[in-house]
Amino acid sequence: GAVVSQHPSWVICKSGTSVKIECRSLDFQATTMFWYRQFPKQSLMLMATSNEGSKATYEQGVEKDKFLINHASLTLSTLTVTSAHPEDSSFYICSARDDRAQFYGYTFGSGTRLTVV
Amino acid sequence: AQSVTQLGSHVSVSEGALVLLRCNYSSSVPPYLFWYVQYPNQGLQLLLKYTSAATLVKGINGFEAEFKKSETSFHLTKPSAHMSDAAEYFCAVTSTGTASKLTFGTGTRLQVTL
């Protein structure tokens with residue numbers, strides 16, 4: 001089945017530093033990937049839609065200069081949290097949409113727990 | 001616009017009992033509907049999906065869901081709960097008119113007791 005690899009699974013960083021999270025589709029091509037943020041005991045909040053070869057589309061209220069998204073290939077999207085602060089601590093999850101299944105081929109990564117100290 | 005509503009943020013059942021998790025959707029165009037399960041500190045795993053084929057959809061781990069257009073529902077069921085079913089369950093919807101974004105419900109935490 002379709003597999004999405006997300007790394008790292010957890011990271012601790014100091015305030016003011018940047019952290020990069022990778023999302024990679026292992027056995028399918030994904031022109032479109034999605035980045036979510038999840039607060040404890042809450043649902044997933046879509047942050048942005050990442051499109052290969054073009055700029056990401058950010059949801060309202062999401063700072064694009066803080067959450068940089070790069071989708072340089074059909075199998076890799078990265079999310080960089082720049083100048084991280086404690087309030088950025090959260091669980092981040094990516095999802096890749098299989099190009100062969102446009103409306104139902106969503107596979108999720110295992111998530112990244114970010115703690116900013 | 002599209003949305004899903006999950007009734008009951010917390011459901012508790014005894015091991016061996018029927019599991020019923022409710023999901024109602026709203027969509028102006030034919031929807032694609034999904035149920036996902038999330039274990040602590042993990043991503044989402046697809047249980048099953050409705051893609052306009054059969055209205056009764058069978059998924060993994062003995063779960064199934066029935067698409068009922070007249071009731072705008074897509075409830076998740078399992079005849080007999082197992083301790084390993086304890087997790088968070090999310091219903092989600094997308095459609096052809098939404099740039100393929102998934103919209104999630106608020107989730108239902110399933111507790112299974114002995």
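As shown above, the structure is provided for reference.
Quick caveat, the model's predicted, so the values are computed rather than measured.

Chemist: I keep staring at the nonpolar core and nothing clicks. Help me out?
Modeler: One broad rule of soluble globular proteins: the nonpolar side chains tend to lie buried together. Ranked by size, the top nonpolar core spans 26 residues in total, and within it W35(B), L48(B), F74(B), L76(B) and Y89(B) carry the most contacts. Sorting elements by how many residues they give to this core places strand β10 (residues 87–95) of chain B first, with 4 residues. In terms of nonpolar packing, the next biggest core, distinct from the first, is built from 24 residues, C23(A), W35(A), C94(A) and A96(A) among them.

Chemist: How do you make sense of the pairing of strand β6 (residues 44–50) of chain B when you look at a structure like this?
Modeler: Here is the key point about a regular strand: its side chains alternate between the two faces of the sheet. Residues and elements named next belong to chain B. When strand β5 (residues 31–38) meets β6, the two strands line up antiparallel, connected through 6 bridges. Looking at β6, one finds that W35 is bridged to L48. Here β5 folds back onto β6 in antiparallel fashion, the turn holding 5 residues, of which N41 has a positive phi close to 60 degrees.

Chemist: What exactly am I supposed to notice about the packing of aromatic side chains here?
Modeler: Two descriptors summarise a pair of aromatic rings, namely the distance from one centre to the other and the angle between the planes of the rings. Residue and element names in this part refer to chain B. For the structure shown, the criterion picks out 14 aromatic pairs over all chains. Arranged with centres 6.1 Å apart and planes meeting at 20 degrees, the rings of F34 and Y36 form a pair that is stacked. Across the pair, exposure class does not vary: F34 and Y36 are buried alike. A ring pair is formed by Y50 and F67, whose centres lie 4.1 Å apart and whose planes are at 15 degrees; its orientation type is stacked.

How each quantity is defined
Residues numbered from 1 in each chain as written. Chains lettered and ligands numbered in written order. Predicted model: local features only at pLDDT ≥ 70, side-chain atom pairs only at ≥ 80, totals over all residues. Heavy atoms only, no water. Core = buried A, V, L, I, M, F, W, Y, C linked by side-chain atoms within 4.5 Å. Buried < 20%, exposed > 50% of the residue type's maximum accessible area, 1.4 Å probe, protein only. Helix = DSSP H or I, 4+ residues; strand = E, 2+ residues; numbered from the N terminus. Pairing = 2+ DSSP bridges. Phe/Tyr/Trp six-rings, centres within 6.5 Å; stacked < 30°, edge-to-face > 60°.

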